[in-house]
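# Coordinate inspection notes
One-letter residues, chain by chain:
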Amino acid sequence: MAYEKAKIYFDGGHYIAIPKENFCRKAKGVKKGNTQIEQNSPKQVFEQAFEESRELHKKERKEYIQEVMKGCFANSQETTNFVNKELERKRINSNKRKTRLYRKVYLQEWNYFVTITFNDKLLNENTFRIKLRNTLKHLVGRKKWKYIGVFERSPNQRLHFHGIFYIPQMVGDLIETKDYSTKTKRMQVTNQNTHFLKQFGRNDFQALGRREEVIFSVRYLMKYIEKSNEKLIYGGKLPTYFVADIDDEDIVCPIGNGDKKALLFDDFTLWDDWCLVGKVNSENISKMPKAN
């Protein structure tokens with residue numbers, strides 16, 4: 001059976017199509033409720049305990065949260081049930097964010113892994129965050145940059161920024177510098193951008209080539225957001241899917257829960273309103289409509 005205007009994503013190994021009739025849709029007329037958590041409610045106590053226990057291992061974290069929350073319920077079983085339910089909710093939401101992130105990553109081109117710190121003589125933590133985000137916003141608008149990044153603290157608690165970037169047009173110049181790394185205890189070579197060096201301080205623009213290097217970099221970012229309260233920052237147009245018509249001869253088989261998705265052949269053909277675009281590749285994907 002052919003699909004019209006299916007949403008398609010790459011899972012790292014294969015292309016997967018979601019037929020239009022299986023798109024997730026919000027119920028009409030349903031408005032998002034107030035997301036503010038009531039002060040001193042079980043939910044608020046859980047969220048606070050969850051943040052306080054980020055550095056603990058999984059089992060210790062659960063025990064800590066249950067201990068903090070035992071005064072919120074009549075007995076230990078009610079406490080355990082509530083904590084288990086909330087931890088499962090956190091796990092599901094985390095997996096959804098990761099899935100969405102990787103689908104965005106696989107659909108884009110990336111050419112740099114960037115680290116930016118700040119010079120105390122130029123900025124403080126607050127002005128560093130504000131100025132960097134504003135600078136990246138302008139580069140997205142004027143130079144068509146794309147990025148996914150996160151602010152992170154090093155072991156000595158110094159704030160810096162990591163991100164994967166697509167930079168079609170560089171600003172400033174890249175200069176190779178050598179210095180001593182206190183982390184690795186050896187000399188290191190970095191490619192510093194003169195524009196960011198002047199505006200912020202020390203930086204490193206590391207070229208990305210193979211897909212494996214990109215995925216390693218994304219996992220590096222995920223490691224930090226899972227152990228901190230920081231959130232990923234997105235810049236530029238980063239769709240999750242591209243949209244195409246799919247002929248039935250390009251469908252390998254149905255997959256997923258309830259067979260609601262379809263596995264496609266690696267060399268399937270792209271059609272836009274049933275007008276031939278060509279075999280699937282990065283150039284032809286760039287011509288297709290996009291969706292989130």
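Here's what I pulled together on the structure shown here. (Residues numbered from 1 in each chain as written. Predicted model: local features only at pLDDT ≥ 70, side-chain atom pairs only at ≥ 80, totals over all residues. Heavy atoms only, no water.)

This part takes up the overall build of the protein. Check the secondary structure of the protein and you find seven helices and 15 strands. The dimensions of the protein, computed from C-alpha atoms along their principal axes, are 65 × 55 × 35 Å. Taken over 292 residues, the protein has a buried fraction of 39%. Long-range contacts, defined as pairs at least 24 residues apart, comprise 61% of the intrachain contacts of the protein with a sequence gap of at least 6. Carbon together with sulfur atoms contributes 50% to the accessible area of the protein, which is approximately 18,200 Å² in total. Separation of charge centres in the protein, based on 54 positive and 37 negative side chains, amounts to 6 Å. (Helix = DSSP H or I, 4+ residues; strand = E, 2+ residues; numbered from the N terminus. Buried < 20%, exposed > 50% of the residue type's maximum accessible area, 1.4 Å probe, protein only. Contact = heavy atoms within 4.5 Å. Areas by Shrake-Rupley, 256 points an atom, 1.4 Å probe, with all protein chains shown as cover. Lys, Arg positive; Asp, Glu negative; His and termini not counted. Charge placed at Lys NZ, Arg CZ, Asp CG, Glu CD.)

In this section: the pattern of salt bridges. Taken as a whole and assessed by the stated rule, the structure comprises 11 salt bridges. In this structure, the salt-bridge partner of D273 is K5, at a minimum N-O distance of 2.5 Å. Taken together, the residues D273 in the loop between β13 (269-272) and β14 (275-279) and K5 in strand β1 (residues 3-10) connect sequence positions 268 residues apart. Here K5 falls in the partly exposed class, since its relative accessible area comes to 35%. (Salt bridge = Lys/Arg side-chain N within 4 Å of Asp/Glu carboxyl O.)

This part is about the packing of helix α1 (residues 42-52) against helix α2 (residues 58-69). Across the interface, α1 lies against α2 with an axial gap of 9 Å and an inter-helix angle of 145°. Both α1 and α2 take part in a crossing whose hand is right-handed. Together, P42, V45, F46, A49, F50 and E52 of α1 and R61, Y64, I65, V68 and M69 of α2 make up the contact between the two elements. Looking at the contact of α1 with α2 residue by residue, the classes come out as nine nonpolar, no polar and two charged. (Axes fitted to C-alpha atoms, helices over the stretch in contact; angles between N-to-C directions. Left-handed = near helix turned anticlockwise from the far one by under 90°. Nonpolar A, V, L, I, M, F, W, Y, C, P; charged D, E, K, R; others polar.)

Counting residues in each nonpolar core, the largest one holds 36 residues, and the members touching the most others are I8, Y15, V105, F242 and F268. Looking at this core, the elements with two or more residues in it are β1, β2 (15-18), α3 (76-107), β4 (146-153), α6 (211-227), β10 (241-246) and β12 (261-264). The dominant element in this core, judged by the number of residues it contributes, is α6, at six residues. For F242, the contacting residues outside a window of four places in its chain are A6, K7, I8, Y15, L107, F268, L270, I285, M288, P289 and K290. Counting 22 residues, the second-largest nonpolar core is a separate cluster that includes I116, F128, F161 and V171. (Core = buried A, V, L, I, M, F, W, Y, C linked by side-chain atoms within 4.5 Å.)

Another aspect to go through is the sheet that holds strand β5 (residues 159-166). Pairing is antiparallel in the open sheet, where five strands are placed in the order β8-β3-β5-β4-β9. Across the chains shown, the open sheet's two edge strands, defined by having one partner strand only, are β8 (203-207) and β9 (233-235). Averaged over all pairs of adjacent strands, the angle between their axes in this sheet comes to 15°, without regard to strand direction. Bridge count for β4 against β5 is eight bridges, and the pairing is antiparallel. If you follow K146 over to β5, its bridge partner there is Y166. Lying over the sheet, α3 contacts β4, β5 and β9, oriented at roughly 30° with respect to β9. Contacting β3 (112-116), β4, β5 and β9, helix α4 (residues 125-143) crosses the sheet at an angle of about 10° to β5. (Pairing = 2+ DSSP bridges.)

Our focus in this paragraph is α3. Here α3 contains 32 residues, and its C-alpha end-to-end distance of 47 Å stays within 8% of the 46 Å for a straight helix at 1.5 Å per residue. Of all the positions in α3, only T79, F82, V83, E86, S94, L101, Y102, R103, K104, V105, Y106 and L107 are classed as buried. Where α3 begins, one side-chain oxygen reaches toward the backbone nitrogen of Q77, 3.1 Å away; that side chain belongs to N75. (Expected span 1.5 Å × (residues − 1). Polar contact = N/O pair within 3.5 Å; in protein donor to acceptor, adjacent residues only side chain to side chain.)

Its place among the elements puts I8 in strand β1. Residues I8 and F242 lie 234 residues apart in sequence; the distance between their C-alpha atoms is 5.4 Å. Those residues in contact with I8 that sit more than four places away from it in its chain are Y15, I16, A17, T240, Y241, F242, A244, I246, L264 and F268.

Moving on to the packing of α1 against α3. Contact geometry for α1 and α3: axes closest at 11 Å, N-to-C directions at 60°. Viewed along their axes, α1 and α3 adopt a mutual orientation that is oblique. As for the relative orientation of α1 and α3, their crossing is right-handed in sense. Residues P42, K43, F46, E47 and F50 of α1 form the contact with α3, whose participating residues are F82, V83, E86, L87, R89 and K90. (Parallel < 35°, antiparallel > 145°, perpendicular 65-115°, else oblique.)

This part covers the pairing of β3. For β3, a buried count of five out of five residues is recorded, marking the element as mostly surrounded by other parts of the structure. Residues Y112, V114 and I116 point to one face of β3 and F113 and T115 to the other, with burial holding for every one of them. Across five bridges, the pairing between β3 and β8 is antiparallel. Directly across from F113, in β8, lies its bridge partner Q206.

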